[in-house]
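The lines below spell out each chain.
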Amino acid sequence: MSVPHLFRCPISLDIFTDPVTLCTGQTYDRQCIERWLADGHRTCPVTMQALGDGDTTVLVPNRTLRHLIERWLSAATDHSLPESADDDPSLAALKRCLQSDATSAAAKIGALKKVLALASESDVGRACMLQLGFLSVLLPLVFHAAPAAPAERHAEAEELALQCALSLMPSNAAAPQLDCLNMLKKEEHLASFVRLLGRGSGRAKAGLCRLLETVATAAATRDLALVVAASPRVWQALLPLLQQHAGPAPDARASEPARGSAIHHGAVGALFRHLSWWAYVKGGGAVSSALAAVEALAETEAGRRAVAHAPGATRILVRHVFMMSSSNDGSEHAAAALLAVCRESRAARSEAVGAGVVTQLLLLLQSQCGARAKAKARALLKLLKSR
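Residue numbers restart at each chain and count upward from 1, following the sequence in its written direction. Local features in this predicted model are restricted to residues of pLDDT 70 or higher, and side-chain atom pairs are both shown and tallied only at a pLDDT of 80 or more, whereas totals for entire chains, interfaces and linings draw on every residue. Side-chain descriptors were evaluated using all non-hydrogen atoms of the structure, hydrogens and water having been removed beforehand.

In the nomenclature of an unreviewed UniProt entry, the protein is known as U-box domain-containing protein of Triticum aestivum. The UniProt entry for the protein carries the following text under Pathway (unreviewed entry): "Protein modification; protein ubiquitination." UniProt positions are given in the numbering used here, feature names are shortened, and annotations may be inferred rather than shown by experiment. As stated in UniProt under Catalytic activity (unreviewed entry), the record for the protein gives "S-ubiquitinyl-[E2 ubiquitin-conjugating enzyme]-L-cysteine + [acceptor protein]-L-lysine = [E2 ubiquitin-conjugating enzyme]-L-cysteine + N(6)-ubiquitinyl-[acceptor protein]-L-lysine."

(A) Summary view of the pattern of salt bridges. Salt bridges are counted wherever a side-chain nitrogen of Lys or Arg sits within 4 Å of a carboxyl oxygen of Asp or Glu. If you walk through the whole model with that rule in mind, you get 10 salt bridges. Residue Arg-195 is joined to Glu-158 by a salt bridge in which the shortest nitrogen-to-oxygen separation is 2.9 Å. Of this pair, Arg-195 sits in helix α8 (residues 187-199) while Glu-158 is found in helix α7 (residues 152-168), placing the two residues 37 residues apart along the sequence. Categorising residues by exposure relies on relative accessible area from a 1.4 Å probe, with only protein chains included: less than 20% of the type maximum marks a residue as buried, more than 50% marks it as exposed, and the intermediate range marks it as partly exposed. With relative accessibility at 5%, the residue Glu-158 sits in the buried group. Residues Glu-344 and Arg-304 are paired through a salt bridge, measuring 2.7 Å at the closest nitrogen-oxygen approach. Taken as a pair, Glu-344 in helix α18 (residues 331-344) and Arg-304 in helix α16 (residues 301-309) lie far apart in primary sequence, 40 residues in all. We classify Arg-304 as buried; its relative accessible area is 16%. Only DSSP runs of H or I covering at least 4 residues are called helices, and only runs of E covering at least 2 are called strands; the numbering of each starts at the N terminus.

(B) A look at helix α10 (residues 222-229). For α10, the set of buried residues is Leu-224, Val-228 and Ala-229. Angular distribution of buried residues about the axis of α10 spans 135°; they occupy a single face of the element. Exposed positions of α10 whose direction lies more than 90 degrees from the buried face are Arg-222, Asp-223 and Leu-226. Starting at the helix axis, one direction is taken to each C-beta atom, and the arc is that of these directions.

Given below as structure tokens:
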């Protein structure tokens, strides 16, 4: 059994949440068609019929279709769960089980497994759970205050809830259900996200990277994306995923997709925006982590291009090669990133020389920096000499 074709928005292909009809007689989900019109389109997406100025503001709620969908969801809910469900096998009962503080860890794990199975195996089940608000129930089970003594069952429930949430995540970036991700704006929830990103399993970390990609692209989470990008703690937790050789095998395998996704969604620009002022607020740990992330991203061809084209990036790296006012934390990362970029970009080499990189490198070589930093400094000096 699948979702009837007429119950899906022609733009998002997801089940309607707020169907409205244009003057052409075509029905769309309100948020999808409003975004289409806001982008400057003046045609009906299905018929391509031209719309007048007045036509773009007239969106008539399709209450008949909404009523039919609600009736269909109600009937489908009764047949969605596997026959092995407990005494009350309804989706409403599953939702109550997940919401209740009185539910035991074992019962919640059992309920989460049913949600995951249903979302994976049944198009109808996924549509029903999304429509019934399961996403806003699952996310608080993932992001919450850490228990005093984390147990294996607690970690299992967290990871299952994350898998369930990802399986229900709408593919359409304009879907209104994605608004519930804004819970991460709260400090305690973002702290939980960082904790799980740092200590969770490889599978959980990969899932959180997918969630970050959704946050970066969804219309409802634009402000949240800025909050996340401005958080030094998020970058510090992401660093092991961005580095090529960090972490156990599952994380290492996810390294390339994680770096590619980070670059695609503007990580390089965000890092340099913050590096431009972190140095002046004594954010030593954050500076070192950000520079390490830049080095990790610069190990890829796309990362090197992004650094080379980021406004002021080369000068910022030069400034961090050696800073008299700091303990030189991150110097080796700045030198390594510069070396990677300058090897491929003549313009970057010229800009670095103009920014005084030779003096910075000589000062670094005379300092008490580590052997790796000195090796990178010598290699960069040799490269610049031969340019």
